[in-house]
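Residue-level structural notes
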Amino acid sequence: MAEAPTLTSRQLVRRRRRAAWSRGWAEFRGNRGGLVGLVVLALFVLIAVGAPLLADRSGLEVTQATGGVLEPPSGEFWLGTDDNGRSVLTLLIWGARISLFVGLMATLISMLIGTVVGLTSGYFGGFVGAALFRVTEWFLAIPFLPLAIVLATVLGRSLLNIVIVIGVTSWAGTALLIRSQVLSIKERAYLERSRALGAGHGHLLRRHVLPNVVPLVFANTTLCVAVAILSETTLSFLGLGDPTRVSWGSMLDDAYSVGAITTGSWWFFVPPGVCVVLVVLSFTLVGQALEAVLNPKLRKR
């Protein structure tokens with residue numbers, strides 16, 4: 001009888017990872033809310049990526065507008081026109097790009113800052129850990145919106161500034177979450193054994209602490225994207241967004257400025273509002289489903 005081939009350590013690790021991904025995907029598919037959210041998100045991402053194919057970019061220019069002022073939906077303009085005669089559907093399609101871009105990039109900045117601060121504060125402790133923890137508490141204590149408005153006003157109205165403002169004001173919750181997880185991991189027996197064998201801080205963080213924190217960061221990212229998109233919409237609605245870019249928030253700001261609500265021009269403010277709600281809800285559903293998959297305490301028994 002032929003002996004089974006001996007697997008190397010790398011092959012064993014890859015096989016275990018594939019098995020873990022398969023189990024995770026099976027559990028995720030069992031969550032209907034998460035699956036619906038994933039489908040809706042995929043649809044919006046396809047719309048954002050395929051915007052040049054779905055709508056002509058020239059339709060964003062006021063000088064290229066061919067419709068009347070606040071025309072209701074018709075065969076020519078499926079979602080009507082805005083106060084400049086531009087197609088609301090075109091604005092909606094191109095606005096998806098900016099809203100999703102700001103949400104993802106701001107979340108990336110927030111996750112990087114929160115992860116670094118949480119790891120450092122939880123693992124090293126001492127004066128550095130205490131100082132970082134106090135800074136985290138300070139950011140949590142200050143209301144987000146006033147701080148974001150002040151920073152956006154100081155930095156100026158641009159897409160990059162909006163990304164920076166949202167990113168640097170929304171990391172505290174992630175840092176606190178990571179810190180609590182690191183404090184728990186730091187007391188586990190296998191870390192004590194590694195220290196006894198002479199492992200340094202870099203090895204412990206890279207091989208033991210960070211791999212145990214990454215799933216939590218990944219699950220929290222989807223929830224933070226929803227908050228970032230909502231924040232971009234709020235700042236743009238308050239007139240602090242990039243005036244040269246069209247987003248769902250800037251559409252709502254324009255609709256409010258021209259009195260679309262009082263004139264009954266629902267086609268100008270309802271579509272972007274519905275898109276914001278759908279995307280935020282979808283990210284929330286996906287985040288909750290991922291948290292249930294990655295957190296053993298939340299799994300159904």
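For the structure itself, look to the data block above.
Owing to the predicted nature of the structure, the values given are computational and were not obtained by experimental measurement.

What counts as what
- Numbering of residues starts from 1 in every chain and runs along the sequence as written.
- Confidence filtering applies because this is a predicted model: local features only for residues at pLDDT of at least 70, side-chain atom pairs given and counted only at 80 or more, and all residues used for totals across whole chains, interfaces and linings.
- The basis for the side-chain values is all heavy atoms of the structure; hydrogens and waters are excluded.
- Using a grid of 1 Å spacing that covers the protein atoms alone, one calls a set of points a cavity when a 1.4 Å probe fits there but cannot get out, and a pocket when the set is open and has protein on both sides within 12 Å along at least five of seven lines; lining residues are those with an atom within 4 Å of a point.
- Grid points are joined across faces, edges and corners, and a volume is the space filled by probe spheres set on the points.
- Helix and strand assignments come from DSSP, with helices taken as H or I runs of at least 4 residues and strands as E runs of at least 2, each series counted from the N terminus.
- Any residue outside Ala, Val, Leu, Ile, Met, Phe, Trp, Tyr, Cys, Pro, Asp, Glu, Lys and Arg is labelled polar, Gly included; the first ten of those are nonpolar and the last four are charged.
- Burial classification: accessible surface area is computed with a 1.4 Å probe over protein chains only, and a residue below 20% of its type maximum counts as buried, one above 50% as exposed, and the rest as partly exposed.
- To define axes, lines are fitted to C-alpha atoms, for helices over the stretch in contact only, and angles between the resulting N-to-C directions are given on a 0 to 180 degree scale.
- Roughly parallel covers angles under 35 degrees, roughly antiparallel covers those over 145, roughly perpendicular covers 65 to 115, and oblique covers all other angles.
- Crossing chirality is assigned from the near helix's rotation relative to the far helix, an anticlockwise turn below a right angle marking it left-handed and a clockwise turn marking it right-handed.
- Two residues form a contact once any of their heavy atoms are found within 4.5 Å.
- By definition, a salt bridge exists where a carboxyl oxygen of Asp or Glu is found within 4 Å of a side-chain nitrogen of Lys or Arg.
- Each residue after the first adds 1.5 Å to the expected span of a helix.
- What the arc covers is the set of directions going from the helix axis to the C-beta atoms.
- A patch consists of residues whose relative accessible area exceeds 30% and which take part in no salt bridge; residues with like charges are grouped when within 9 Å of each other, and nonpolar side chains (Val, Leu, Ile, Met, Phe, Trp, Tyr) when within 5 Å.
- Per-residue and other accessible areas were derived by the Shrake-Rupley procedure at a 1.4 Å probe size, with only the shown protein chains allowed to occlude residues.
- Only the six-membered ring of Trp is used, alongside the rings of Phe and Tyr, when aromatic pairs are assigned; centres must lie within 6.5 Å, and planes under 30 degrees apart are stacked while those over 60 apart are edge-to-face, with the rest tilted.
- Our definition puts a charge over a ring when NZ of Lys or CZ of Arg is within 6 Å of the ring centre and also within 35 degrees of the ring normal.

Our next topic: empty space enclosed by the protein. To locate leftover empty space, one rolls a probe as large as a water molecule over the atoms. Overall, the coordinates contain one cavity of 30 Å³ or more when judged by the stated rule. In this structure, the largest cavity encloses a volume near 30 Å³. Secondary-structure elements contributing two or more residues to the lining of the largest cavity are α4 (88-124), α5 (126-141) and α8 (172-186). Of the residues contributing to the lining of the largest cavity, the split by class is five nonpolar, three polar and one charged.

A word on unusual backbone geometry. Look at L70: it is not a glycine, yet its phi comes out positive at around 50°. For L70, a relative accessible area of 17% translates into the label buried.

In the contact formed by α4 and α5, the axes pass within 7 Å of each other and the chain directions differ by 135°. The angle between α4 and α5 places the two elements in the oblique class. Relative to α5, the crossing made by α4 is left-handed. Residues V117, T120, S121 and F124 of α4 form the contact with α5, whose own contacting residues are G126, V128, G129, L132, F133 and T136. Of the residues in the contact of α4 with α5, the class split is five nonpolar, five polar and no charged.

Before going further, it helps to spend a moment on the layout of surface pockets. For the second largest pocket, the calculated volume is near 500 Å³. What lines the second largest pocket is a set of 24 residues, and nearest its centre among them are D242, P243, T244, R245 and V246. Where the lining of the second largest pocket is concerned, the elements lending two or more residues are α4, α7 (159-169), α10 (201-237) and α11 (248-257). Residue classes in the lining of the second largest pocket are distributed as eight nonpolar, six polar and ten charged.

Close approach of charged atoms allows side chains with opposite charge to pair. By the definition in use, this model includes three salt bridges. A salt bridge links D242 to R245; its shortest N-O distance comes to 3.8 Å. Since its relative accessible area comes to 16%, D242 is described here as buried. By relative accessible area, R245 is classed as partly exposed at 39%.

Attention shifts here to α8. Taking 1.5 Å as the rise per residue, α8 with 15 residues should run 21 Å; its terminal C-alpha atoms sit 21 Å apart, in good agreement. The set of residues buried in α8 consists of A172, T174, A175, I178, V182, I185 and K186. Buried residues in α8, looked at end-on, bunch into an arc of 145°, giving them a common side. Here the buried face of α8 lies against α4, α5, α9 (189-196) and α10.

Further remarks concern the environment of P73. Relative to the assigned elements, P73 resides in the loop between α3 (51-54) and α4. According to the relative accessible area criterion, P73 is partly exposed, its value standing at 34%. Remark: the alpha-carbon pair of P73 and L151, spanning 78 residues in sequence, is separated by 39 Å. Ignoring any residue separated from it by four or fewer positions in sequence, one finds P73 in contact with W78, L79, G80, W266 and W267.

Turning our eyes to something else, we now look at a nonpolar patch on the surface. Together, L145, F237, L238, Y256 and I261 make up a nonpolar patch on the protein surface, roughly 490 Å² of accessible area in all. Within the secondary structure layout, L145 lies in helix α6 (residues 144-155). By relative accessible area, which is 34% here, L145 ends up partly exposed.

Taken as a whole and judged by the stated rule, the model has six aromatic pairs. For the pair Y123 and F124, a centre-to-centre distance of 5.0 Å together with 90° between the ring planes defines the contact as edge-to-face. When its relative accessible area of 44% is taken as the criterion, F124 is described as partly exposed. Here the aromatic rings of W266 and W267 are separated by 5.9 Å at their centres, their planes lie at 80°, and the arrangement is edge-to-face. An aromatic cluster is present here, built from W138, F139 and W171 joined pairwise through their rings. We note R57 situated over the ring of W94; from NZ or CZ to the ring centre the distance is 4.9 Å. The ring of F133 has R179 lying over it, and the distance from NZ or CZ to the ring centre is 4.2 Å.

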